[in-house]
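# Examination of the molecular architecture
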Amino acid sequence: MRIEVRPEICVGAGQCVLAARAVFDQGEDDGLVLLRHPAPGPAHHDAIREAIDRCPSGAIVLHDN
């Protein structure tokens, strides 16, 4: 699993951080999505899928390997 974030369409809702804090963060200045780990391990996969489902702008893209 590889993740890509698109901050240019992020609205800063923070749902990704609530769902998967180990993988996502928000910028201090603008609140937009930041990716901590582009290829997280299996222990995070369920939380990442939840973050994707909760993202109101579709700013997280999942690439299954």
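Given the structure is predicted, the values throughout are model-derived calculations rather than measurements.

Rules and cut-offs
- Residues numbered from 1 in each chain as written.
- Predicted model: local features only at pLDDT ≥ 70, side-chain atom pairs only at ≥ 80, totals over all residues.
- Heavy atoms only, no water.
- Helix = DSSP H or I, 4+ residues; strand = E, 2+ residues; numbered from the N terminus.
- Rg over C-alpha atoms; globule rule 2.2 N^0.38 Å.
- Buried < 20%, exposed > 50% of the residue type's maximum accessible area, 1.4 Å probe, protein only.
- Contact = heavy atoms within 4.5 Å.
- Areas by Shrake-Rupley, 256 points an atom, 1.4 Å probe, with all protein chains shown as cover.
- Lys, Arg positive; Asp, Glu negative; His and termini not counted.
- Charge placed at Lys NZ, Arg CZ, Asp CG, Glu CD.
- UniProt positions renumbered as here; feature names shortened; annotations may be inferred.
- pLDDT = per-residue confidence, 0-100.

### Digging into the overall build of the protein chain
What the protein chain contains, in helices and strands, is two helices and four strands. Order of helices (α) and strands (β) in the protein chain, N terminus to C terminus: β-α-β-β-α-β. Expected size for 65 residues packed as a compact globule is a radius of gyration near 11 Å; at 10 Å, the protein chain falls within 12% of this value. Taking the principal axes of the C-alpha coordinates as reference, the protein chain spans close to 30 × 20 × 15 Å. Per-residue burial for the protein chain yields a buried fraction of 32% across its 65 residues. When contacts within the protein chain are restricted to residue pairs at least 6 apart in sequence, long-range pairs at least 24 apart make up 58% of them. Total accessible area computed for the protein chain in this model is approximately 3900 Å², and 47% of it derives from carbon and sulfur atoms. Across the protein chain, 6 positive and 10 negative side-chain charges occur, with their mean positions spaced 4 Å apart.

### Some points on the UniProt feature "domain: Divergent 4Fe-4S mono-cluster" (unreviewed entry) in the protein chain
The UniProt record marks residues 1–63 with the feature "domain: Divergent 4Fe-4S mono-cluster" (unreviewed entry), using the residue numbering of this structure. The annotated region residues 1–63 carries 24% helix and 22% strand content, and the separation between its end C-alpha atoms amounts to 6 Å.

### Focus on the confidence of the model for the protein chain
The pLDDT averaged across the protein chain works out to 95; a share of 98% of its residues lies at or above 70. The secondary structure element of the protein chain with the lowest average pLDDT is strand 4 (residues 60–63), at 93, and the one with the highest is helix 1 (residues 15–19), at 98.

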